[in-house]
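# Understanding the architecture of this molecule
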Amino acid sequence: MTTRHCFVLRVRPNRLAEYTERHRAVWPEMLAALRDAGWDSYSLFLGADGLLVGHVETDDLPVAQAAMEATEVNARWQAEMAPFFTDLDGRTPDAGLLLLPEVFHLPTALAAAALTTTTNRSNGDTVSTEILPTRHERALGGLRAQRIELPSWAFGNAGTRFKVFTSPGTPRDPWEKIADAATVHRFTGVAPTVSVHIPWDRVSDYAELARHAADRGVQIGAVNANVFQDDAYRLGSVCNPDPAVRAKALAHLLDCVDVMDATGSRDLKLWFADGTNYPGQDNIRARQDRLSEALAATYARLGPDQRMLLEYKLFEPSFYTMDVPDWGTSFAHCLALGERAQVVVDTGHHAPGTNIEMIVAILLRAGKLGGFDFNSRFYADDDLMVGAADPFQLFRILHEVVAGGGLDDATGVAFMLDQCHNIEEKIPAQIRSVMNVQEATAKALLVDATALADAQRGGDVLAANAVLMDAYNTDVRPMLAEVRESQGLHPDPMAAYAASGYSEQIVVNRVGGDQAGWGA
Ligand code: RM4
Ligand code: MN
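So, here is what we can say about the structure in this document. (Residues numbered from 1 in each chain as written. Chains lettered and ligands numbered in written order. Predicted model: local features only at pLDDT ≥ 70, side-chain atom pairs only at ≥ 80, totals over all residues. Heavy atoms only, no water.)

### Things to note about the packing of helix 11 (residues 284–301) against helix 12 (residues 327–337)
Contact geometry of helix 11 with helix 12 gives a least axis separation of 10 Å together with a crossing angle of 45°. Between helix 11 and helix 12, the angle is such that the two are oblique. By crossing handedness, the relation of helix 11 to helix 12 is classed as right-handed. Residues Q288, L291, S292, L295, A296 and Y299 of helix 11 touch helix 12, and the partners they reach there are T329, H333 and L337. Of the residues assigned to the contact of helix 11 with helix 12, the class counts are five nonpolar, four polar and no charged. (Axes fitted to C-alpha atoms, helices over the stretch in contact; angles between N-to-C directions. Helix = DSSP H or I, 4+ residues; strand = E, 2+ residues; numbered from the N terminus. Parallel < 35°, antiparallel > 145°, perpendicular 65-115°, else oblique. Left-handed = near helix turned anticlockwise from the far one by under 90°. Contact = heavy atoms within 4.5 Å. Nonpolar A, V, L, I, M, F, W, Y, C, P; charged D, E, K, R; others polar.)

This is the structure in structure tokens:
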């Protein structure tokens, strides 16, 4: 099936005429090579400022690129073209081009909206007929609109208390982490934002970091405040018994809002490691008071379009009490703060056996579900790939999201990943995780809501359960392949990434410097 691709390059402004001239007479062997390599309907457009836009339709871009690379004429042509371009950093133009994700394609949009245009008038007039979308078509529309946010820290080295394993090609700084996140977006098409963690992603100019992201087709998403790694936080951060430590922690939260202003981020995500290890260690109620004071001061600093997302976790690193241990505590603080304070459900932060989908349903109903930190756990929180441990639980969660309208933009639910990759390759692990969320979403979108409601009304327990299981047992991979192809993407992002050479390229390019890690 044909896929569409668009890329940009920059031609030196003083060489535009010559570049145009060269393309009036491209060597016949080069033309034939492109044709034979499957570069169907290939065009180049050149702006007066040097912006070169390429558009190509082909069955499989990495394959078509590899076929060109294998020709001798391509090497000669690329060598002649290289001097025409800026920003190639020593690469040939075909290696240095920047692929842009497709954001709109009319035929696809028409199909998703189930809008057909028919010429059924006797006088030949064209009229549009609207038909109700089928469940399948609605699901396609929902999947095309879904957005999943990637965590910058997934691209750095991580580990356990026992060992952080390094791997070749790991980013050395926030700039390289964002480049990797952009790569995940390039192959999945649904991950256009990346969350940052401060100070892990500290840079001197956050507006510049935002531009760096935009240049690669992505944006900075949630800003995560880190008040759990400074020595001062031994007894907690905003709940610490020492007012000086509390002031330091609050100052960091406010700094993070400055970062949001510079990056244009909507969400400040707060997770506190605060708590106690021993009965009697501190006053539980006083700690709640200190927490609410810091939250109120931070909330007051937010702009009108900014939100505070408050996470909870039942235990670890504190073992007797955590100051925000559960959704109820987070919910109570968010209610007291106001509309723009919302609860985040980190799927790894519950006791085994907790019914997370019920929490999701309750929060959505109350308009307080700010978003998810997706990951998997088997025993305790361990940030494994979302959907790896219990794909059925992920489906049940997404079913409540769909049923509660949480996929609609207006509800503002952020679908974020919060993961670390200790032993597996990081970029494909993120791609796999995005796909796992998409698959669970697809199944949730396929639930026959009418049949379910009928069975529930009629008290038919088995029929109701069967409706859910039918959707869960559907193989949605062909449907997702269809969604990707309709968006000009490769149907199999894992294979496309593996064939892209990016993984080998970062190993070669990223030598010297210190690899980024989680700083534990
Ligand atoms: C915490 C929490 C936060 C994340 C850090 C890395 O357990 O889940 O969301 O920022 O880990
Ligand atoms: Mn989290």
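Next, the rest of the story.
### Quick word on the side chain of Q419
Relative to the helices and strands, Q419 resides in the loop between strand 16 (414–417) and helix 15 (426–445). Residue Q419 is classed as buried on the basis of its relative accessible area of 0%. In this structure the side chain of Q419 is engaged in a polar contact, spanning 2.8 Å, whose partner is the backbone nitrogen of V386. One polar contact links Q419 to S433, side chain to side chain, over a distance of 3.0 Å. Excluding anything up to four places from it in sequence, Q419 contacts P151, W153, A154, F374, N375, D383, L384, M385, V386, Q430 and S433. (Buried < 20%, exposed > 50% of the residue type's maximum accessible area, 1.4 Å probe, protein only. Polar contact = N/O pair within 3.5 Å; in protein donor to acceptor, adjacent residues only side chain to side chain.)

### Quick notes on the side chain of Q342
Tracing the backbone through its elements, the reader meets Q342 in strand 14 (residues 341–346). At a separation of 3.3 Å, a polar atom in the side chain of Q342 contacts the main-chain carbonyl oxygen of E339.

### Things to note about helix 2 (residues 28–36)
Residues of helix 2 that are buried include every one of M30, A33 and L34, and no others. When helix 2 is viewed along its axis, its buried side chains cluster within an angular range of 100° and face the same direction. When the buried face of helix 2 is taken as reference, the exposed residues oriented beyond 90 degrees from it are P28, R35 and D36. Structurally, helix 2 contributes buried residues whose contacts are with strand 2 (40–46), helix 3 (61–69) and helix 4 (72–81). Looking one or two residues past helix 2, G38 carries a phi angle of roughly 90°, positive in sign. (Arc of directions from axis to C-beta.)

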